[in-house]
Amino acid sequence: MPFVRIDALGADPERLDALGRAVHDALVEAIGIPPDDRFQVLVGHDGTRSTLRYDSDYLGIHRDDGLVYVTITLRSGRTPAQKQALYRRIAELAHSYAGTEPRNVFVNLIENEPINWSFGEGVAQYADSPAPIDSPASVGSPAPVDSPALTGPSS
């Protein structure tokens, strides 16, 4: 169950929606989350009352005011190859859907464990789920990372 926050400078609602779709589609394609598993916060910054700060040439990548910050919080257990595929696909789809240059797509993944999620009613719905994704019991399991077998009951 990824939780996504997207912050973009000068983004109107249409661009924010396109960026949200790009990130969601990349999550579905690259790491196999269910298509109906979408929880996002989309924030546009106007550059005067709220803004984004960034180094325009950090690591030799030239950024400009088209910069988009994407923060994804998700359960741990993805491989480095899955993460790299996700970053690549987010950049590709952000360009295709929203016209955002790939050089301006900054992604940060934050991983956590099942106990760190409550979907409402003050309950940790995943607390009693089978072995966490990165536990020894789940290593080598053929189930997709966010399959019902690993995520507990669906809502």
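## A closer look at the overall build of the protein
Then comes step 1: Across its full length, the protein carries three helices and four strands.
Then comes step 2: A buried classification covers 37% of the 155 residues belonging to the protein.
Then comes step 3: Considering only intrachain contacts with a sequence separation of at least 6, the fraction spanning at least 24 residues in the protein is 68%.
Then comes step 4: A total accessible area of about 8500 Å² is found for the protein, and carbon and sulfur atoms account for 54% of it.

## A short note on the side chain of Asn 112
Then comes step 1: Mapped onto the elements, Asn 112 comes out in strand S4 (residues 105–112).
Then comes step 2: Classification of Asn 112 by relative accessible area gives buried; the value is 15%.
Then comes step 3: Side-chain polar atoms of Asn 112 contact the side chain of Trp 117, separated by 2.9 Å.
Then comes step 4: Residues within four places of Asn 112 in sequence aside, it is in contact with Thr 73, Leu 74, Arg 75, Ser 76 and Trp 117.

## Remarks on the sheet that holds strand S1 (residues 3–9)
Then comes step 1: Across the sheet, four strands lie side by side as S2-S1-S3-S4; this open sheet has mixed pairing. Only two strands of the sheet have a single partner each, and these edge strands are strand S2 (40–45) and S4. Direction aside, the axes of adjacent strands within the sheet are offset by 10° on average.
Then comes step 2: Sheet topology places strand S3 (residues 68–75) next to S4; eight bridges connect them, and they run parallel. Bridged to Leu 74 within S4 is Glu 111.
Then comes step 3: The sheet contacts of helix H1 (residues 13–31) involve S1, S2 and S3, and relative to S1 the element is tilted by about 140°.
Then comes step 4: Lying on the sheet, helix H2 (residues 80–98) is in contact with S3 and S4; it crosses S4 at an angle near 140°.

Rules used throughout
- Residues numbered from 1 in each chain as written.
- Predicted model: local features only at pLDDT ≥ 70, side-chain atom pairs only at ≥ 80, totals over all residues.
- Heavy atoms only, no water.
- Helix = DSSP H or I, 4+ residues; strand = E, 2+ residues; numbered from the N terminus.
- Buried < 20%, exposed > 50% of the residue type's maximum accessible area, 1.4 Å probe, protein only.
- Contact = heavy atoms within 4.5 Å.
- Areas by Shrake-Rupley, 256 points an atom, 1.4 Å probe, with all protein chains shown as cover.
- Polar contact = N/O pair within 3.5 Å; in protein donor to acceptor, adjacent residues only side chain to side chain.
- Pairing = 2+ DSSP bridges.
- Axes fitted to C-alpha atoms, helices over the stretch in contact; angles between N-to-C directions.

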